[in-house]
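# Residue-level structural notes
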Amino acid sequence: MDYIEKVLENLKDWARKLIETLLGPEAEPEPELIPIPVNDRHRRR
């Protein structure tokens, strides 16, 4: 049973590497934008 689990684990690793090679690495989440305070008192008049 351990042999089958090792083979399946190796197949998963191989498939993941193949997909990364074809499609590129996994997408990283975009960093959260930092709000920048804007002084727009002059625009409202």
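In case you missed it, the structure is sitting above this.
Below is a short write-up of the structure. (Residues numbered from 1 in each chain as written. Predicted model: local features only at pLDDT ≥ 70, side-chain atom pairs only at ≥ 80, totals over all residues. Heavy atoms only, no water.)

## Re helix α1 (residues 2–23)
Between its first and last C-alpha, α1 extends 31 Å over 22 residues, near the 32 Å set by a 1.5 Å rise per residue. Downstream of α1 by a residue or two, G24 has a phi angle that is positive, lying close to 95°. (Helix = DSSP H or I, 4+ residues; strand = E, 2+ residues; numbered from the N terminus. Expected span 1.5 Å × (residues − 1).)

## Thoughts on the pattern of salt bridges
Considering all chains together, one arrives at two salt bridges under this definition. For R16, the salt bridge identified is with D13, shortest N-O distance 3.9 Å. Within this pair, R16 and its partner D13 are both found in helix α1, separated by three residues, close to a single helical turn. The salt bridge involving R16 is made with E20; its shortest N-O contact spans 3.7 Å. Note that R16 and E20 are positioned in helix α1 at a spacing of four residues, about one turn of the helix. Residue E20 is classed as partly exposed on the basis of its relative accessible area, which comes to 30%. It is possible to trace a salt-bridge network through shared partners that takes in D13, R16 and E20. (Salt bridge = Lys/Arg side-chain N within 4 Å of Asp/Glu carboxyl O. Buried < 20%, exposed > 50% of the residue type's maximum accessible area, 1.4 Å probe, protein only.)

## Examining a nonpolar patch on the surface
There is a patch of nonpolar side chains on the surface, built from M1, Y3, I4, V7, L8 and L11 and spanning about 680 Å² of accessible area. Structurally, L11 is set in helix α1. For L11, a relative accessible area of 48% gives the class partly exposed. (Patch = residues over 30% accessible without salt bridge, like charges linked within 9 Å, V, L, I, M, F, W, Y side chains within 5 Å. Areas by Shrake-Rupley, 256 points an atom, 1.4 Å probe, with all protein chains shown as cover.)

Keep in mind these values describe shape, not function.
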